[in-house]
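# Summary of structural features
So you can see what is in the structure, the chains are spelled out below.
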Amino acid sequence: MTEAVIDTKKLANFIDGVWEKEKVESVPVINPATGESIVEVPLSTAEDVDRAVAAAKKAQKEWSLVPAPQRAEVLFKIGSLMKERKEHLAQLLTMENGKVIEEGRGEVQEGIDMAFYMAGEGRRMFGQTTPSELKNKFAMSVRAPIGVVGIITPWNFPIAIATWKSFPAIVAGNAVVWKPATETPIMAYELAKICEEAGLPKGVLNVVFGKGSTVGDSMVHHDDIRVISFTGSNDTGRDIAAECGKQLKKLSMEMGGKNAVIVMDDADLDLAVEGILWSAFGTSGQRCTACSRVIVHKDVKTAVEERLLSAMETLTIGNGLDESIKVGPIINQAGIDKIKKYISIGNEEGAKLLAGGYELKDGKYKSGHYFAPTLFTNVKADMRIGQEEIFGPVVSLIPVDSFEEAIEANNSVSYGLSSSIFTKDVNRVFQAQRDLDTGIVYVNAGTTGAEIHLPFGGTKGTGNGHRDSGVQALDVFTEWKAVYVDYSGKLQRAQIDVE
Ligand code: UN1
């Protein structure tokens with residue numbers, strides 16, 4: 001079991017190209033697998049945010065004038081450096097977040113993919129040319145950068161989500177102020193170092209470590225930050241949305257899901273169980289896209305329960321740096337407490353607990369935060385464990401009588417991020433992709449595994465209509481500008497001087 005080493009004892013904010021080492025107040029970053037402190041992370045103030053925003057504002061003016069293909073060259077270099085350091089990054093990611101090393105590598109790869117994809121946009125970033133209704137007049141639309149953007153990222157995907165937000169912002173000519181989650185700041189430190197080495201001009205990316213209640217709040221209130229891109233909890237998202245609404249500040253949000261796998265009576269059950277196992281218990285269920293409901297046709301309910309239970313027995317739990325481990329720890333005690341609360345709720349609501357339901361505390365689990373993979377059955381779609389996000393390795397099996405009932409159950413939650421259906425019936429496949437009210441739909445695969453060149457986000461309470469990643473991410477970080485060039489030499493009035 002190799003273990004990467006971080007080259008500092010205390011992280012520093014990165015503002016205007018300077019690593020600000022003098023900050024005093026800090027808290028330890030705890031490895032959730034071992035309980036050990038890895039490094040100290042500073043807790044910054046509103047004043048730090050002010051300086052970061054001022055630096056970003058100044059840098060953005062020049063950066064926006066650099067031709068986009070040249071801005072993209074820096075992103076290509078960033079992607080190459082990430083690729084060179086993939087294993088180092090993946091190990092540090094596993095240490096700060098707990099996800100198993102294979103998933104750590106996958107997440108870093110997602111960031112590399114995003115770097116190269118967005119670098120490609122430097123030579124596209126297409127607008128439109130379109131005929132004018134008037135003679136000798138030219139009309140086009142172009143993307144314009146917005147200015148300083150604030151990004152607030154979660155601990156569950158500390159590098160991938162940061163790249164979904166910062167790379168499109170940067171290639172489009174904006175400057176970024178980034179507040180990473182205090183639980184997982186190491187990826188931010190490593191990524192900022194890479195950006196510096198790749199030659200990103202100072203001030204284009206600024207990292208301010210600290211709490212949402214200080215750093216995040218100051219960013220949301222700052223007049224010079226014109227866009228906020230946030231991924232995190234529903235409650236925080238609502239507060240941010242209210243404030244951004246007051247200020248008419250552009251906001252892109254992603255706030256989780258209550259994602260379901262539907263297993264129809266004609267499904268390949270072994271495949272379905274594999275898909276459920278991977279998307280429900282991978283990352284210990286701490287993905288916004290995690291499968292937390294299995295909506296199963298009554299004719300295959302018992303078979304799915306039996307196969308899932310025996311598949312769950314193969315799940316090894318422990319420190320994700322060990323390649324043989326399949327399920328890592330939960331991020332912290334608050335995460336464990338929330339899962340425990342939902343186990344009690346499920347029991348009180350009358351769901352039947354088939355496996356798990358407890359925290360692992362003995363022996364090798366003593367110093368970390370571990371929870372046993374858990375399966376409830378006979379869950380009704382409207383129970384709280386069938387409706388609310390648990391963010392842990394807990395699956396609720398909801399039996400249904402028909403395809404129609406399955407779709408209805410899927411859509412009965414307040415979220416709309418990801419959904420999946422296992423069936424061999426092509427007609428049902430197409431009906432399902434039309435009727436499932438989620439931003440992401442999978443057929444014959446679990447609910448996780450979004451690729452970076454497609455839009456990521458969801459309907460209803462998952463977000464506010466914007467998308468991360470994909471070319472759609474550019475819509476968050478640019479304004480559309482319509483440009484008319486009249487070369488007739490006379491005043492031509494639109495809508496009036498048309499014969
Ligand atoms: C998240 O859960 O917040 O689709 C991000 C997936 C990953 C990204 C998940 N590519 O599961």
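From a predicted model like this one, the values you see are computed outputs, not experimental measurements.

## Quick look at the domain arrangement of the chain
- According to the domain assignment, the chain consists of domain 1 (13-255 + 463-482) and domain 2 (259-443).
- Placing a centre on the C-alpha atoms of domain 1 and another on those of domain 2 gives a separation of 31 Å.
- The interface of domain 1 with domain 2 comprises 24 residues on the first partner and 27 residues on the second.
- In this assembly, domain 1 packs against domain 2 so that about 2,000 Å² is buried in total across both faces, 60% of it on carbon and sulfur atoms.
- Considering only the surface of domain 1 that becomes buried against domain 2, Pro32, Glu103 and Trp155 emerge as the three largest contributors, covering 26% of it.
- In this structure, the connection of domain 1 to domain 2 is made through two salt bridges.
- Among the salt bridges present, the one from Arg287 reaches Glu103, with a minimum N-O distance of 3.5 Å.
- Those elements giving two or more residues to the side of domain 1 that touches domain 2 turn out to be α3 (86-97) and α4 (101-121).
- With five residues, the single largest contributor to the side of domain 1 that touches domain 2 is α3.
- Looking at side-chain class alone, the side of domain 1 that touches domain 2 contains eight nonpolar, nine polar and seven charged residues.

## Regarding the site of the ligand
- Neighbouring residues of the ligand: Glu110, Asn156, Phe157, Ile161, Trp164, Arg287, Cys288, Thr289, Thr448, Gly449, Ala450 and Phe456.
- Glu110 is positioned with one of its side-chain polar atoms (N or O) 2.9 Å from a nitrogen atom of the ligand.
- One of the backbone N or O atoms of Cys288 is found 2.7 Å from an oxygen atom in the ligand.
- Relative to its free-state accessible area of 320 Å², the ligand is covered by the protein chains to the extent of 99%.
- Within the shell around the ligand, the residues separate by chemical class into six nonpolar, four polar and two charged.

## A look at the sheet that holds strand β12 (residues 259-263)
- Strands sit in the order β14-β17-β18-β13-β12-β20-β21 across an open sheet of seven strands; the sheet is mixed. Each having just a single partner strand, β14 (352-355) and β21 (440-443) make up the two edges of the open sheet. Here the average twist between neighbouring strands, direction ignored, is 20°.
- Here β12 runs beside strand β20 (residues 418-422); their pairing, made up of four bridges, is parallel. The residue bridging Ile262 from the neighbouring strand is Ile421, located in β20.
- Across the sheet, helix α11 (residues 333-349) touches β14, β17 (374-377) and β18 (394-400), and the angle it forms with β17 is around 25°.

## Considerations on unusual backbone geometry
- Phi angles above zero are rare outside glycine, and Met125 is one such case at about 35°.
- Its location among the elements puts Met125 in the loop between α4 and β5 (128-131).
- We classify Met125 as buried; its relative accessible area is 15%.
- Despite not being glycine, Thr283 has its phi angle at roughly 55°, a positive value.
- As for its placement among the helices and strands, Thr283 is situated in the loop between α9 (269-281) and β13 (291-297).

## Brief notes about the packing of helix α2 (residues 68-84) against helix α6 (residues 186-197)
- Close contact between α2 and α6 brings their axes to 9 Å; oriented N to C, the two are set at 130°. Accordingly, the angle class assigned to the pair α2 and α6 is oblique. Considering only the axes of α2 and α6, their crossing is right-handed. Contacts from Ile78, Leu81 and Met82 in α2 reach Leu191, Ile194, Cys195 and Glu197 in α6.
- Among the residues making up the contact of α2 with α6, the classes are represented as six nonpolar, no polar and one charged.

## A word on the environment of Phe281
- Structurally, Phe281 is set in helix α9.
- Sequence-distant contacts of Phe281, defined by excluding residues within four places in its chain, comprise Ile276, Met312, Leu315, Val327, Pro373, Thr374, Pro393, Val394 and Val395.

## Section: the sheet that holds strand β23 (residues 478-486)
- Strand order in the open sheet formed by three strands is β5-β6-β23, with antiparallel pairing between adjacent strands. Looking at which strands have only one partner, the edges of the open sheet turn out to be β5 and β23. Ignoring which end each strand starts from, the neighbouring axes of this sheet average 20° apart.
- Two strands pair when backbone bridges link them, and strand β6 (residues 137-145) and β23 are joined in this way by nine bridges, in the antiparallel orientation.

Here is what the cut-offs are and how they apply
- Residues numbered from 1 in each chain as written.
- Predicted model: local features only at pLDDT ≥ 70, side-chain atom pairs only at ≥ 80, totals over all residues.
- Heavy atoms only, no water.
- Domains from an automatic or database assignment.
- Contact = heavy atoms within 4.5 Å.
- Buried area = accessible area lost by both parts, 1.4 Å probe.
- Salt bridge = Lys/Arg side-chain N within 4 Å of Asp/Glu carboxyl O.
- Helix = DSSP H or I, 4+ residues; strand = E, 2+ residues; numbered from the N terminus.
- Nonpolar A, V, L, I, M, F, W, Y, C, P; charged D, E, K, R; others polar.
- Near = heavy atom within 4 Å.
- Polar contact = N/O pair within 3.5 Å; in protein donor to acceptor, adjacent residues only side chain to side chain.
- Areas by Shrake-Rupley, 256 points an atom, 1.4 Å probe, with all protein chains shown as cover.
- Pairing = 2+ DSSP bridges.
- Axes fitted to C-alpha atoms, helices over the stretch in contact; angles between N-to-C directions.
- Buried < 20%, exposed > 50% of the residue type's maximum accessible area, 1.4 Å probe, protein only.
- Parallel < 35°, antiparallel > 145°, perpendicular 65-115°, else oblique.
- Left-handed = near helix turned anticlockwise from the far one by under 90°.

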